[in-house]
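The residues making up each chain are set out below.
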Amino acid sequence: MENNMLRTYSSKEHLEQLNVAVKVENLTVEYNGRATLFNINLDIPSGVLMAVLGPNNSGKTTLLKTIAGINKPSAGNVYIYSRPTHALKNDIAYVPARNFVNWDFPINVYDLVLMGSYNRLKKVEVPGTKDKISAREALERVGLDTASKKSICDLSRGEKHRALIARALVQNAGIYIMDEPMIAADEESINIIIDVLQELRHKKKTVIVSHYDFVTIPRYFDMVSLLNVRLIASGTTEDVLTEENFEKTYGMPAGMIKNIRLYMEESHAGNK
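J.: For this particular structure, what's the right way to read the packing of helix α5 (residues 157-171) against helix α6 (residues 187-202)?
T.: Packed helices, taken two at a time, are described by the angle between their axes plus the distance between the axes. Following both chains from N to C, one finds α5 and α6 inclined at 20°, their axes separated by 9 Å at the closest point. The orientation of α5 with respect to α6, classified from their angle, is roughly parallel. Crossing geometry of α5 relative to α6 is assigned as left-handed. Only Glu188, Ser189, Ile192, Ile193, Val196 and Leu200 of α6 make contact with α5, whose side of the interface consists of Gly158, Glu159, His161, Arg162, Ile165 and Leu169. Partitioning the contact of α5 with α6 into residue classes produces six nonpolar, three polar and three charged.

Structure follows, in structure tokens:
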């Protein structure tokens, strides 16, 4: 895995030369009269791998869904390549969090992945030969080619993450939005997912990932946005990942957060 390749592209000069793929202006999203996002202004350049980081209930999923056009803003706007989200919705591949998918649905892994081609089809069309080839290639890319006939309910947590990413790869979008694609996944799945993210990045795709582990962000991502209902900071990992910004985001020093994360990882490992 070529972990160091991304860092070559993470300089400010490189980011400033890129066009803006996603522009969020004065975005507020409310549920039941309560703001889950408030007055967010954010520019995401095309061709970057960006992490969205924040505590639970900070609005990460809401932000991703709003950029993807799934949620509607209460105020403000989201633009994709300077156009409203709905105008380019088919060029956005959204990977939901694993827990938001009905894994009891009676479908096998291959058919789930093939669903990634549906955005290109008209109502009366069915997936063709090219779509089926793309599905098989995506399954192979995420290491699930031998599990293609397995029921999705029989997949492990890591395999479920990989299946959803394979479905997104079939869509062949310009922007990939993923909601915590590595949480509670096994090491093999995490390594495969990271490889796929970096491949998308080097293909000049824009990749926005809600992430849970701030320790790994400098290694894999070249941009990060810290979020807690409001946008705390956004930019290169070097500029944003500071003690001050962590305290504003989490309300506690970064060192304490790291200790909590290590404890959670050790507890998770002990429960396997």
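J.: Explanation requested: the packing of aromatic side chains in the structure shown.
T.: To describe a pair of aromatic rings, one takes the distance between the centres and the angle between the planes. This model, assessed by the stated rule, comprises two aromatic pairs. When the centroid spacing of 4.8 Å and the interplanar angle of 55° are considered together, the rings of Phe214 and Phe246 count as tilted. Here Phe214, found in the loop between β8 (206-210) and α7 (217-220), pairs with Phe246, found in helix α9 (residues 243-250); they are 32 residues apart in sequence, far enough to count as distant. Accessibility assignment for this pair places Phe214 and Phe246 in one class, buried. When the ring centre of Phe100 is taken as origin, the NZ or CZ atom of Lys65, which lies over that ring, is 4.7 Å away. We note Lys149 situated over the ring of Tyr110; from NZ or CZ to the ring centre the distance is 5.2 Å.

J.: In this structure, what is going on with the sheet that holds strand β9 (residues 223-228)? I would like to understand it.
T.: Strand pairing in a sheet is mediated by backbone hydrogen bonds. Such pairs are either parallel or antiparallel. Read from one edge of the open sheet, six strands run β6-β7-β8-β3-β9-β10, paired in mixed fashion. On the outer flanks of this sheet lie β6 (92-95) and β10 (230-236), each paired with one strand and no other. This sheet shows a mean twist of 15° between the axes of neighbouring strands, independent of strand direction. Alignment of strand β3 (residues 49-53) against β9, held across four bridges, turns out to be parallel. Its bridge partner lying in β9, Val52 is registered against Ser225. Helix α2 (residues 60-67) rests against β3, β6, β7 (175-179), β8 and β9 of the sheet, and its axis sits at about 155° to β7. The strands touched by α6 within the sheet are β3, β7 and β8, with β8 carrying the most contacts at an inclination of about 150°.

J.: For this particular structure, what's the right way to read the side chain of Ser58?
T.: Relative to the elements of secondary structure, Ser58 occurs in the loop between β3 and α2. The exposure class assigned to Ser58 is buried, which follows from its relative accessible area of 1%. When near neighbours in sequence (up to four residues on either side) are disregarded, Ser58 contacts Thr36, Leu37, Leu227, Asn228 and Val229.

J.: Honestly, the nonpolar core in this entry has me stumped. Any pointers?
T.: The nonpolar side chains of a soluble globular protein tend to be buried with one another. Core analysis: the largest hydrophobic core is formed by 49 residues, its most contacted members being Val109, Val113, Leu169, Tyr176, Met178 and Leu197. Per element, the largest residue contribution to this core is seven residues, and it comes from α5. If sequence neighbours within four positions are ignored, Met178 has contacts with Leu64, Val95, Ile165, Leu197, Leu200, Ile208, Val209 and Ser210. Leu37, Met50, Ala68 and Val78 belong to the second largest nonpolar core, which has 26 residues in total.

Parameters and conventions
- Numbers given for residues are sequential positions, taken from 1 along each chain in its written order.
- Whole-chain, interface and lining totals are the exception, using all residues; otherwise, since this is a predicted model, local features are given only for residues with pLDDT of at least 70 and side-chain atom pairs are given and counted only at 80 or more.
- The side-chain numbers reported here are obtained from all heavy atoms of the structure, hydrogens and water having been left aside.
- Convention adopted: a line fitted to C-alpha atoms gives each axis, helices being fitted over their contacting stretch, and angles between N-to-C directions are expressed from 0 to 180 degrees.
- To qualify as a helix, a DSSP run of H or I must reach at least 4 residues; to qualify as a strand, a run of E must reach at least 2; elements of each kind are numbered from the N terminus.
- Working definition: roughly parallel below 35 degrees, roughly antiparallel above 145 degrees, roughly perpendicular at 65 to 115 degrees, and oblique for all remaining angles.
- For a crossing to be left-handed, the near helix must be turned anticlockwise from the far one by less than a right angle; the clockwise case is right-handed.
- In this analysis, two residues are considered to be in contact whenever any of their non-hydrogen atoms come within 4.5 Å of each other.
- Ten residue types, Ala, Val, Leu, Ile, Met, Phe, Trp, Tyr, Cys and Pro, are classed as nonpolar, four, Asp, Glu, Lys and Arg, as charged, and the remainder, Gly among them, as polar.
- Aromatic pairs are defined between Phe, Tyr and Trp rings, using the six-membered ring for Trp, whenever the two ring centres lie within 6.5 Å; interplanar angles under 30 degrees are classed as stacked, those over 60 as edge-to-face, and all others as tilted.
- Any residue under 20% of the maximum accessible area for its type is buried, any over 50% is exposed, and the rest in between are partly exposed; the area is computed with a 1.4 Å probe on protein chains only.
- The rule for a charge over a ring is simple: NZ of Lys or CZ of Arg within 6 Å of the ring centre, and within 35 degrees of the ring normal.
- Whether two strands pair comes down to DSSP finding at least two bridges between them.
- Definition used in this section: a nonpolar core is a set of buried Ala, Val, Leu, Ile, Met, Phe, Trp, Tyr and Cys residues joined via side-chain atoms within 4.5 Å.

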